Amino acid sequence: MSRRRASRLLAALFPLAATLTAGGARADTPSPPLPEWLPTHGAPHWLDLGEIALGIALVLVVAGMLRYRGALRRARAAGEARFRILVQAAPYGVVVHRQGQVLFVNDSARRTLRLPNGSPLTARVPEALLRPESPAPPGLPADGGLVHLALADGAGVDVRAITIDSEFDRRPARLTFIRDMSTELAAQRALAESRDRLEMALEAVRDGIWEVDLETGRLTVSPAFGWVMTPGGVPPADLAGWRALVHPADRARLEAVIADHQRNVTPAYECEMRIRRADGSEAWVLEHGRVATRDDLGRPRRLAGTVRDITARKRAEQRLEMRGRLAAVFLTARGDDLRSSLGTLLQEILEAPCSCVGMFDATGRLRLACNDFTADGAAPEHSLLSPDAVPEALRRVLESAGPLILTETGAETPRAPLLGVRLGSGERVLGLVAVGGRAAGYQHADAETLAGIAADLEPLIQSLLEAEAKDALLAQAQKMEALGVLAGGIAHDFNNILQAILGFSALARQDAGDPERLTADLDRVQRATVRGRDLVQRILQFSRPSEPEAPPLDPVPLTEGLVRELRAGLSGRIRLVSRLEADCGRVRAAPQVLRQALVNLTTNAVQAMEATGGTITVAARPWTVPTDDHRFPPDWCGREVVEFSVADTGPGIPEEHRARLFDPFFTTREVGQGSGLGLSVVHGLVSGLGGHVTIECPAAGGTLAAIYLPRVRASGHAATSDQPPAFPAATEGALRGRILFVDDDPEIRDLAVVLLSRAGFDVETAPDGLVACKRITDRPDDFDIVVTDQYMPGLTGRELALRVAALRPALPVILVSGLDEPADPSVAGGLVFREVVTKPFFGQSLCLAVHRALTTGPGGSGGPGGGQAGRVPLDTDG
Amino acid sequence: MPRILIIEDDEEIRDLLESLLTREGYTVATAANGKQGVAAFLAQPFDLVITDIIMPEKDGIEAIMDLRRGRPDLKLIAISGGGRAEPENYLHSAQLLGANRTLRKPFTNEAILAAVKELIS
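Residues numbered from 1 in each chain as written. Chains lettered and ligands numbered in written order. Predicted model: local features only at pLDDT ≥ 70, side-chain atom pairs only at ≥ 80, totals over all residues. Heavy atoms only, no water.

Colleague: Explain the overall build of chain A here, please?
Modeller: The helix and strand inventory of chain A stands at 25 helices and 27 strands. Split into buried and exposed, the 878 residues of chain A put 44% on the buried side. When the accessible surface of chain A is split by element, carbon and sulfur atoms take 54% of a total near 43,800 Å². (Helix = DSSP H or I, 4+ residues; strand = E, 2+ residues; numbered from the N terminus. Buried < 20%, exposed > 50% of the residue type's maximum accessible area, 1.4 Å probe, protein only. Areas by Shrake-Rupley, 256 points an atom, 1.4 Å probe, with all protein chains shown as cover.)

Colleague: Looking at this model, I keep getting lost on the overall build of chain B. Mind explaining?
Modeller: Broken down by element type, chain B carries five helices and five strands. In chain B, the order of α-helices and β-strands from amino to carboxyl end is β-α-β-α-β-α-β-α-β-α. Restricting the contact set of chain B to residue pairs at least 6 apart, pairs at least 24 apart contribute 66%. For chain B, the computed accessible surface area is about 5,100 Å², with 50% contributed by carbon and sulfur atoms. (Contact = heavy atoms within 4.5 Å.)

Colleague: Could you clarify how one ought to interpret helix α22 (residues 769–778) of chain A in this entry?
Modeller: Each α-helix turn comprises 3.6 residues. Residues three or four places apart therefore point the same way. Residues and elements named next belong to chain A. When α22 is considered as a whole, its buried residues turn out to be Gly 769, Ala 772, Cys 773 and Ile 776. With its buried residues spanning 100° around the axis, α22 presents them on a single face. Contacts from the buried residues of α22 go to β23 (738–742), β24 (762–766), β25 (785–789) and α23 (797–807). You can read the cap of α22 off the contacts: a side-chain oxygen lies 3.0 Å from the backbone nitrogen of Leu 770, and it is on Asp 768. (Arc of directions from axis to C-beta. Polar contact = N/O pair within 3.5 Å; in protein donor to acceptor, adjacent residues only side chain to side chain.)

Colleague: It is not clear to me how the sheet that holds strand β3 (residues 48–52) of chain B should be interpreted in this structure. Could you clarify?
Modeller: In a beta sheet, neighbouring strands are held together by backbone hydrogen bonds and run either parallel or antiparallel to one another. Residues and elements named next belong to chain B. The strand order β2-β1-β3-β4-β5 describes an open sheet built from five strands, whose pairing is parallel. Each edge of the open sheet is held by one strand with a lone partner, namely β2 (27–31) and β5 (101–104). The mean angle between the axes of side-by-side strands here comes to 15°, regardless of whether they run parallel or antiparallel. Sheet topology note: the β3/strand β4 (residues 75–80) ladder contains five bridges and is parallel. Across the sheet, residue Leu 48 finds its bridge partner in β4, namely Lys 75. Against the sheet, helix α5 (residues 109–120) makes contact with β1 (3–7), β3, β4 and β5, and its axis sits at roughly 160° relative to β4, the strand it touches most. (Pairing = 2+ DSSP bridges. Axes fitted to C-alpha atoms, helices over the stretch in contact; angles between N-to-C directions.)

Colleague: What is the right way to look at the nonpolar core in this model?
Modeller: Soluble globular proteins tend to bury their nonpolar side chains together. If you look at the biggest cluster of nonpolar residues, it comprises 35 residues, and the most contacted ones within it are Leu 594, Ile 616, Phe 644, Ile 707 and Leu 709 of chain A. Contributions of two or more residues to this core are made by α17 (555–568), β17 (574–580), α18 (591–608), β19 (614–624), β20 (640–648), α20 (678–688) and β22 (703–712) of chain A. Per element, the largest residue contribution to this core is eight residues, and it comes from α18 of chain A. Ignoring sequence-local partners within four residues, the contact set of Ile 616 of chain A consists of Ile 574, Arg 575, Leu 576, Val 577, Thr 602, Ala 605, Val 606, Met 609, Val 646, Ala 647 and Asp 648 of chain A. Within the second largest apolar cluster, 28 residues are counted, among which are Ile 4, Val 28, Leu 48 and Val 116 of chain B. (Core = buried A, V, L, I, M, F, W, Y, C linked by side-chain atoms within 4.5 Å.)

Colleague: Can you walk me through the pairing of β4 of chain B in this structure?
Modeller: Residues in a regular strand point their side chains to alternate faces of the sheet. Residue and element names in this part refer to chain B. With respect to burial, β4 is a largely interior element, five of its six residues being buried. Each parallel crossover has a hand, and the one from β3 via helix α3 (residues 60–68) to β4 is right-handed. Summarising the sheet, β4 and β5 pair through four bridges and their orientation is parallel. Across the sheet, the residue bridging to Ile 77 is Arg 101, located in β5. (Right-handed = clockwise from strand over helix to strand, strands pointing away.)

Colleague: Please explain the sheet that holds strand β2 (residues 101–105) of chain A as it appears in this structure.
Modeller: All names here are of chain A. Within the open sheet, the five strands sit side by side as β2-β1-β5-β4-β3. Their pairing is antiparallel. In the strand order of this sheet, the two ends are held by β2 and β3 (146–150), each with one partner. Direction aside, the axes of adjacent strands within the sheet are offset by 40° on average. Relative to strand β5 (residues 171–180), strand β4 (residues 156–168) runs antiparallel, the two being bridged by ten bridges. Within β5, the residue paired with Ile 162 across the bridge is Phe 177.

Colleague: Help me out: how do you make sense of the side chain of Gln 499 of chain A in this one?
Modeller: By the element assignment, Gln 499 of chain A lies in helix α15 (residues 444–510). Discounting residues that sit within four places of it in the chain, Gln 499 of chain A has contacts with Ile 13, Leu 16, Lys 105, Pro 106 and Phe 107 of chain B.

Colleague: What should I look at first to understand the packing of α22 of chain A against α23 of chain A in this one?
Modeller: Helix-helix packing is characterised by the crossing angle of the two axes and by the distance between the axes. All names here are of chain A. Two elements in contact, α22 and α23, have axes whose closest approach is 10 Å; the angle formed by their N-to-C orientations is 10°. As far as their axial angle goes, α23 and α22 are roughly parallel. Here Gly 769, Leu 770, Ala 772, Cys 773, Ile 776 and Thr 777 of α22 come into contact with α23, specifically with Leu 800, Arg 803, Val 804 and Leu 807. Looking at side-chain class alone, the contact of α22 with α23 contains seven nonpolar, two polar and one charged residues. (Parallel < 35°, antiparallel > 145°, perpendicular 65-115°, else oblique. Nonpolar A, V, L, I, M, F, W, Y, C, P; charged D, E, K, R; others polar.)

Colleague: Help me understand helix α2 (residues 34–43) of chain B in this model?
Modeller: Residues and elements named next belong to chain B. Inspection of α2 places Gly 34, Gly 37, Val 38 and Phe 41 among the buried residues, and these make up the whole buried set. The buried residues of α2 all sit within an arc of 95° when viewed along its axis, so they share a single face. The exposed set on the far side of α2, more than 90 degrees from its buried face, consists of Lys 35 and Ala 43. In this fold, the buried residues of α2 make contact with β1, β2, β3 and α3. Of the residues that open α2, the one with a side-chain oxygen 3.0 Å from the backbone nitrogen of Lys 35 is Asn 33.

Colleague: I would appreciate a short explanation of the interface of chain A and chain B in the present structure.
Modeller: The extent of an interface is frequently quoted as the accessible surface area lost upon association of the parts. Taken residue by residue, the interface counts 25 residues in chain A and 24 residues in chain B. Here chain A and chain B share six salt bridges between them. A salt bridge links Arg 527 of chain A to Glu 12 of chain B; its shortest N-O distance comes to 3.1 Å. Our count for the contact surface shared by chain A and chain B stands at eleven residue pairs in polar contact (both at pLDDT 80 or more). Where the side of chain A that touches chain B is concerned, the elements lending two or more residues are α15 and α16 (515–543) of chain A. Among the elements that make up the side of chain A that touches chain B, the one with the highest residue count is α15 of chain A (16 residues). (Salt bridge = Lys/Arg side-chain N within 4 Å of Asp/Glu carboxyl O.)

Colleague: Can you help me understand a nonpolar patch on the surface in this one?
Modeller: Residue and element names in this part refer to chain A. Nonpolar side chains collect at one region of the surface, where Phe 494, Leu 498 and Val 536 lie side by side and expose about 190 Å² of accessible area between them. Checked against the element boundaries, Leu 498 lands in helix α15. Using a relative accessible area of 34% as the deciding quantity, one classes Leu 498 as partly exposed. (Patch = residues over 30% accessible without salt bridge, like charges linked within 9 Å, V, L, I, M, F, W, Y side chains within 5 Å.)

Okay, here's the thing in structure tokens:
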């Protein structure tokens, strides 16, 4: 304590005494700085400062008293009255006493001792004060010991008392100077308590205190700093040593916030960062700090603050965040997306650098592997979770209850340890999660985090599994409902069809005498029958899309014929135009399948324009899928295809319907207006052909539907039957030929006899294949052609055809096929059938097929049985 | 001559009924859905209405409710081939709402003519 400072303090305490010491020695040593942040961040070795200050005050009291004694001495010499006045005016208590008798008490002492003015003095002054054992020797500061005085009112007061020998009324007396120390003591106690509390608090949170001299880099730290930063080791001595502990990835961030703070951008700074401890473990710390002093130019000189270990909190935060994000991932992602989202999440959560994250199913099969870069940005050399290497190691994880850190020893190249944890739902083990490749390896805390992830995943997985089960039930229910709708639509349509047949055939009977009316009635019956056939066809083709393999087909003639037929049935308001490139190449498709797909697209276009009218353009062209066309799966890029498009000028497709276009039973029409099989049938048919369908609504309006089928190298000639049945140009007269018609259904046999006889053929029937074979064997030259049903008792149509081929190779066989049989002759029977006619057939198609088979046989021969191939009558049905 | 309105969205059935009833001497008008049917009915009176049930725009049930309103004497025949439900379900509803006769499709020409005659004579 310097004398200058002491005198300044003294002046504050004792103005009079200060005047007495004026002119004393000057200050001789500089005072140490007092840290500004001391009240909140007092370091242990500074904590005695309050005590020192108190001591200073006491010493000053004594010094002041002693100096006052000199003044008194001088006053006494000047006269008793003046002495009294001086004593009275003293700023502290003075009790004058002699041999235990109180002679005089000044006002200050009265206040301290709670003595009312004018009260008798004797008994009121506590005796302890009047019996000092040994007064301080003159000229020396007394001990200044604290005396606790019990006062008359029951209270107590702590005083410093100094007694000196002096004179009063020219006789020896003792002067006891007293000063009430209650306030100071209270302050001291409070300070001590506060210090204790701070120490306890710091201890409790284990905050470390530090101060760094920015000029020298010297670091001063509290013990707790070491506990946080270098447990069990030696704390760093300088700033560089400290910063070396900070995780490289976090250093720049820390430096940035400190720089901001030093430029006075922020009043203080704080930074959460990872540190690496000597034992290799990683911990999270929170650093608080601020500039403690600046130099005269405002430059920071010293930085001080605290560090706190927040590892536990960070882990908890990570886990909370992870829980939320996991929930989000599970709620929004499905299938492969789910796995990859989860993988990304795990990588982040485990605080990369991990070079990989893997998820395995319960069999140890790798389901997901994510490679990531290392901390330095270097690409990993390999995937630790290479499918072949890992399962063996991970099997151990599956068998273990908790997380497992696997260290591969004996590997050719040393690999970082792998951390794996079992992923399950209840007793059910679904797989495991593994991370690997982190340079620093994995610690117990990482294992805990990963185990936490797995634990958090469990209920999510559980609910996911339940939800999937529910989804499956729901999907099934929806399917059943859709089937109900479909059945309802079909029933409705079918009953109408039957109604028309029933009603108009009854009218036909009435109209037997009126050929014109009769024809009209029968037309209606026939139309209703066609409707019924189409309805059945739609249903069947939905359930049985197509044959897997079909011979190459030139699609242009088929499309041409189709457009021609469709055009005839359109109302005047709808124009149908075709733009077909002559050489489109070949596609591998059964003709009736492609035909059905195109019919459906065109029908949709017609329906779209029923109200408004417009133009439908059917086009076909060879094309190559560009590499950047996102309407196609990636493996379609650069593929050579044939594009079939149907464009209409209708109203387009409302946005809300686009996603459901290919749903099996989706329809915008009323029940009974159509069963909604159109586009889904197209999709099914085209998929069956290995093709692709697109539906677009161009900005210009309307709808553009397109079918893309892979183009195949033309091999030889297309099957002649690729072409839809075309009507021979104006035909007259009767056809010639001897037909053996085989069918187990007597109605069909009767019908065939009528139809074929009318056309001019000679018809003989057989109820099954065996009878037919016998006839051919018995009378090999009596038949020019065999027409057979496919499904019959005894032999099938195909078996019959094979037998016929053995008996009489030149005898052509035509198949009358049900709708559920492939109609392409080469497909149906491996070239055993010359032609295929689809049931229900009408005279025209059957006669045409027979005629074609007889005239364009494999041998290219002309007419059969001595009869020239005549012309086919256009309407054998009527 | 009694006037009959046929409300039916299926052209074949419409034509069949029209042809059938015209031959019997009735004056027949047709409508392709319930909405058109009700409009036609309001434009001019009919003695009997034959209506289908499942139709676009306005179905037969709604049409019957509209037609029956204020016309307790009107004769109504409902016909149906069903849809999402059995024809009887629809026809039962139609009966409750005031259809005098119901016929399930497909019905014979004789059946519908008998019903018409019975109601109109």
